[in-house]
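Observations on chain architecture
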Amino acid sequence: MRAFADLFRSLDQTSRTSVKVSALAAYFDMAPERDRLWTIALLSGRRPKRLISTGRLRDWAAETAQVPLWLLEESYAVVGDLAETIALLLPTSGGTSAPTLSNVMDELAALSNAEDDEKRATVMRYWNDLPPDARLVFNKLITGGFRMGVSRKLMTRALSKATGIEESDLAHRLMGNWTPQTISYANLVLEPDASEQTARPYPFYLAYQIESAPEDLGDPGDWMAEYKWDGIRGQLIRRGGDWHLWSRGEELITDQFPELAATLDHVPDGTVLDGELLAWQDDAPRPFADLQKRLGRKTVPKKVLKDAPVVLLAYDLLEFGGKDLRPWPLRSRRDALTEVIRALPPDCPVRLSDPLKFADWPALAAIRSKARDIGTEGVMLKRMHAPYLDGRRKGDWWKWKLDPMTVDAVMIYAQAGHGRRANLYTDYTFAVWDGDTLVPFTKAYSGLTDAEFGKITAWVRKNTLERFGPVRRVTPELVFEIAFEGIQESRRHKSGITLRFPRMVRWRQDKPMAEANTLADLRALLPEP
DNA sequence: TGTGACTGCCC
DNA sequence: ATTCTGC
DNA sequence: GCAGAATGGGCAGTCACA
């Protein structure tokens, strides 16, 4: 734990990725194997299920630190991070206990079904026994999202540096639903066991938004285009006489999409498809919301299966005949994919994401401009000769989404952010006019620069009308242009509408609030029923 | 038994 | 998802 | 160009509590 705490501190002190990678690689070199395994798990988003609610933790911390709860809350508002707040408030201790990272994680895991009293005793013992640095890390481990300023990508790079194994090989080995309880460091990293890999997905290739006009991409003949479907990314593994479906976040979602079991009979063993899961009816895609009802479910009722049948629109073939096709150029992978799909009977819910025919860029622009009518989000562009890479990178795959819709809205509430935004008002609620009243309809936080947030924070302090906990009602006055990708009716909001991906595009200092948009303007943007 | 707060997943 | 920022 | 940080809405699930 001491070495891990040191690592944490060095990562926290720099934002230089090269320094982070070196520090991590050095840690991988010296740490015991089981600690390496836990570090890989934590830095690849495999934090164990939350053990203690933040409410409990606040109570125990306030008690231990002998401060009233309100003072802890106020401190948290200033510090912006619960784990750090608690570490700062706890009485100084001469703790010298030196458990390893895996000692701590294994002990915590064993508490998963314990009573609160036992958890409380364990947490308090650690608070008392650990040196201050380690206490902060311990708190990070038992609170929410574990962030160390290094994400999966840099961790993989560091592990590559420490082991000499190719980064992309490592990225592949670290995929799937392993946990430190189910695998050893050796089996995960050094000599992956083939029998354990039958369900293992390939790392997903992700696209960036195109930055300018597609004309910059050169010869349209080098590119393939298809619709950007508004569904859920899925990788279908057909191996070892079984099938598995993975989401982009590496969740196994096989049970949520039972209709794809049909692939067992019709897709040959040793095949991996990449595509988009879509609710699909009468030869057209259904809204994303239909699909979302599937996710996170423990069981899928018959009614849901019937009301929103799902298909996989396949757009890539990553493996065929047990052979990894990722190095192949897209053109060849697509040719092979087309054959695989052609061999399926019509009732098998796997289709081809059809390539869009376009002679030149203006022709594709015309297709894109009608994408919303078809229920898609725009088009994707993929370079014909490109291999299937991993992660999000620029160059070969681009999304060319529809232009967002925008409205001008009035800020009516402001709230401080967390972390590096802890002392800034960065999180706003916006309203539009309904007659002569302002109706709140969305929140937004991004799109402004730090300098603008600074100015607005000063303004908020001077223009607060009322406070509700962390939220301030402010003088309605500032107008912002809000952009969003979609708009729908909603029962949850007073305004009756809800936006998809709202963000601020600019502060309309030129616009008086009387000229902000109206609820009627928003309703006019709703799709035809 | 219903509700609201919270979490973690998708986008 | 999105956006901005630092390297 | 990459990587990180901080945040949007909806849904299903869980848990505390009325």
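The notes below deal with the structure included here. Keep in mind that what you see is a predicted model, and the values were worked out from it rather than measured. (Residues numbered from 1 in each chain as written. Chains lettered and ligands numbered in written order. Predicted model: local features only at pLDDT ≥ 70, side-chain atom pairs only at ≥ 80, totals over all residues. Heavy atoms only, no water.)

1. Side note on the protein's contact with DNA strand C
Heads up, the condition is: Consider each residue's heavy atoms; a residue with any of them within 4 Å of a molecule or strand counts as near. N or O atoms within 3.5 Å of each other form a polar contact, as long as, within protein, one can give a hydrogen and the other can take it, and as long as residues adjacent in sequence are counted only when both atoms are side-chain atoms. The classification used treats Ala, Val, Leu, Ile, Met, Phe, Trp, Tyr, Cys and Pro as nonpolar, Asp, Glu, Lys and Arg as charged, and all other residues, Gly among them, as polar.
In the vicinity of DNA strand C lie 14 residues, with Arg 248, Lys 401, Tyr 445, Ser 446 and Asp 450 positioned nearest. In DNA strand C, the atoms that sit within 4 Å of the protein are 93% sugar and phosphate, with bases accounting for the remainder. Contact distances for DNA strand C include 3.3 Å between a phosphate oxygen and a backbone N or O atom of Gly 447. Residue Asp 450 places a main-chain N or O atom 2.9 Å away from a phosphate oxygen belonging to DNA strand C. For the surface near DNA strand C, a count of residues per class yields three nonpolar, five polar and six charged.

2. Here's the deal with the packing of aromatic side chains
Quick reminder of the rule: To pair, rings of Phe, Tyr and Trp, with the six-membered ring standing in for Trp, must have centres within 6.5 Å; the planes then decide the type, stacked if under 30 degrees apart, edge-to-face if over 60, and tilted in the middle. Strands are runs of DSSP state E lasting at least two residues, helices are runs of H or I lasting at least four, and both sets are numbered from the N terminus onward.
Taken as a whole and assessed by the stated rule, the structure comprises 14 aromatic pairs. Relative to Phe 138, the ring of Tyr 126 lies with its centre 4.7 Å away and its plane at 35°, an arrangement referred to as tilted. With a gap of 12 residues between them, Tyr 126 in helix H8 (residues 116-129) and Phe 138 in helix H9 (residues 132-142) connect regions that are remote in the sequence. A ring pair is formed by Trp 229 and Trp 280, whose centres lie 5.8 Å apart and whose planes are at 65°; its orientation type is edge-to-face. Highlighted residues: Trp 229 in strand E3 (residues 223-229) and Trp 280 in strand E6 (residues 271-281), separated in sequence by 51 residues.

3. Here's the deal with the sheet that holds E3
In plain terms, the rule: DSSP calls a pair of strands paired once it identifies at least 2 bridges connecting them. Note on contacts: a residue pair qualifies if any of its non-hydrogen atoms lie within 4.5 Å across the two residues. Axis lines are fitted through C-alpha atoms, for helices just across the contact stretch, and the angle between N-to-C directions can take any value from 0 to 180 degrees.
Read from one edge of the open sheet, four strands run E2-E13-E11-E3, paired in mixed fashion. Where the open sheet ends on each side, the last strands, each with one partner, are strand E2 (208-209) and E3. In this sheet, strand E11 (residues 376-383) lies alongside E3 in antiparallel orientation, the contact comprising six bridges. Bridged to Met 224 within E11 is Lys 382. Against the sheet, helix H16 (residues 330-342) touches E3, E11 and strand E13 (397-401), its axis set at about 60° to E3.

4. Examining the protein's contact with DNA strand B
Close to DNA strand B lie 15 residues, the nearest being Arg 47, Arg 233, Ser 247, Gly 249 and Phe 501. Protein-proximal atoms of DNA strand B, defined as those within 4 Å of the protein, fall in sugar or phosphate at a share of 88%. In the model, a phosphate oxygen of DNA strand B is placed 2.9 Å from a nitrogen or oxygen of the Arg 233 main chain. A distance of 2.4 Å is found between a phosphate oxygen of DNA strand B and a side-chain nitrogen or oxygen belonging to Ser 247. Breaking the surface near DNA strand B down by element, the ones donating at least two residues are strand E4 (232-239) and helix H14 (288-292). Split by residue class, the surface near DNA strand B holds four nonpolar, five polar and six charged.

5. So, helix H6 (residues 82-89)
Because an α-helix packs 3.6 residues into every turn, residues spaced three or four apart end up facing the same way. Test applied: Remark: exposure states derive from per-residue accessible area (1.4 Å probe, protein chains only) relative to the maximum for the residue type, with buried under 20%, exposed over 50%, and partly exposed in between.
Among the residues of H6, those classed as buried are Leu 82, Ala 83, Thr 85, Ile 86 and Ala 87. Of the residues that open H6, the one with a side-chain oxygen 3.0 Å from the backbone nitrogen of Ala 83 is Asp 81.

6. Looking at the nonpolar core
Under the convention used in this document: Joining through side-chain atoms within 4.5 Å is the link that ties buried Ala, Val, Leu, Ile, Met, Phe, Trp, Tyr and Cys residues into a set, and such a set is a nonpolar core.
If you look at the biggest cluster of nonpolar residues, it comprises 62 residues, and the most contacted ones within it are Ile 40, Leu 101, Trp 127, Phe 138 and Val 189. Other than its neighbours up to four places away in sequence, Ile 40 contacts Phe 28, Met 155, Leu 159, Leu 174, Trp 178, Tyr 185, Leu 188 and Val 189. Counting 30 residues, the second-largest nonpolar core is a separate cluster that includes Val 407, Tyr 428, Val 432 and Leu 522.

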